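Each chain, written out:
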Amino acid sequence: SQVVDDHTPFAERWGGWYVTGKHGSELHRGNIVGSEKNGELVFDAAKGANVTDLSKFFSTDRYLRPGSDIVALLIFEHQLGMQNTLTHAAFSCRRMLTYQAGLQRDFKEAVTEELVYDSVKSVFESEARAIVDALLFKDAAELPSLIGDEAFQRAFLSRAIRTGEGASLRELDLTGKLFRNRCSYMIYSEMFLALPAALKQRVYHRLASALKAEDPDSRYIHLDGKERARVASILRETHPELRTSWEKMAGP
């Protein structure tokens, strides 16, 4: 089955799911049943658009919430995609550390966590790039303006790690993009913090390059100067390990 993540076009999401919330004239595949005609899938996406009440489909009384919130679904998909990226990176890099240790023992060298061989360094660099791409929402699909469940949004924002001025990576935008400050809050997660140290340092270095005020990495051109500055400021104040790394390299 196809993976649904930040890159999946809005029009191709949620086939087989119930979805509640307003999204204007843009259509998705939720809340409808398709059929086959001449070997082709046929469905009317307009019939499932802008649904706010699921009671016409089934009784919602037995469920904790009466809806299937569109914003919650988007955040869930982002988080799963981020977890998949981190899992792949952790596995690949730990496998290469084991490979390096085996070579060092075979060559009667000291076994070290420092990356020695070019093949090992290459994997770490590749996985760091993939993580930063995911953290900064590179090539994320454009979203319509959204109106979702305010109770969910309050609950989601209540877990935000904030600066002294109240800024956070969980601030929602919902007008073309999911978040106002496009660096994933998953950078605070135990899953991220448990990555191999050499991998995290490469991630922090790439983030510093991506968020520079002047001449930033063109790979992340979708972030304008104001957003880069906001993200850099939030990370510097709220992420101690990253702040220490940036201080050593004179980051943004």
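In this text, all values refer to a predicted model and were calculated from it rather than measured experimentally. (Residues numbered from 1 in each chain as written. Predicted model: local features only at pLDDT ≥ 70, side-chain atom pairs only at ≥ 80, totals over all residues. Heavy atoms only, no water.)

**Details of the layout of surface pockets**
Reported here for the largest pocket is a volume of approximately 470 Å³. Around the largest pocket sit 22 residues that line it, and Arg65, Pro66, Gly67, Ser68 and Asp69 are the ones nearest its centre. Looking at the lining of the largest pocket residue by residue, the classes come out as ten nonpolar, seven polar and five charged. In this model, the second largest pocket occupies a volume close to 350 Å³. Lining of the second largest pocket is provided by 16 residues; of these, Gln79, Arg159, Arg170, Tyr185 and Met186 occupy positions nearest its centre. The set of elements that each furnish at least two residues to the lining of the second largest pocket consists of helix 1 (70–106) and helix 3 (150–157). The greatest single-element share of the lining of the second largest pocket, amounting to five residues, is contributed by helix 1. Taken together, the residues that form the lining of the second largest pocket break down as eleven nonpolar, three polar and two charged. (1 Å grid on protein atoms, 1.4 Å probe; cavity = no way out; pocket = protein on both sides within 12 Å on 5 of 7 lines; lining within 4 Å. Points joined across faces, edges and corners; volume = space filled by probe spheres on them. Nonpolar A, V, L, I, M, F, W, Y, C, P; charged D, E, K, R; others polar. Helix = DSSP H or I, 4+ residues; strand = E, 2+ residues; numbered from the N terminus.)

**Describing the environment of leucine 211**
Looking at where leucine 211 falls in the secondary structure, it is placed in the loop between helix 5 (197–210) and helix 6 (225–238). We classify leucine 211 as buried; its relative accessible area is 2%. Between the C-alpha atoms of leucine 211 and arginine 230, which are 19 residues apart in sequence, the distance is 9.3 Å. With residues near it in sequence (within four places) discarded, leucine 211 still touches Leu223, Arg228, Val231, Ala232, Leu235, Trp246 and Pro252. (Buried < 20%, exposed > 50% of the residue type's maximum accessible area, 1.4 Å probe, protein only. Contact = heavy atoms within 4.5 Å.)

**Some remarks on the pattern of salt bridges**
A full pass over the atoms with the stated rule returns ten salt bridges. A salt bridge links arginine 65 to aspartate 149, with the shortest nitrogen-to-oxygen separation between them at 2.6 Å. Note that arginine 65 is positioned in the loop between strand 2 (40–42) and helix 1 and aspartate 149 in the loop between helix 2 (118–135) and helix 3, a separation of 84 residues in sequence. Given the relative accessible area of 45%, arginine 65 is considered partly exposed. A relative accessible area of 22% places aspartate 149 in the partly exposed class. One salt bridge in this structure joins glutamate 125 and arginine 202, with 3.1 Å as the shortest N-O distance. Remark: arginine 202 occurs in helix 5 and glutamate 125 occurs in helix 2; sequence separation between them is 77 residues. Residue glutamate 125 is classed as partly exposed on the basis of its relative accessible area of 31%. (Salt bridge = Lys/Arg side-chain N within 4 Å of Asp/Glu carboxyl O.)

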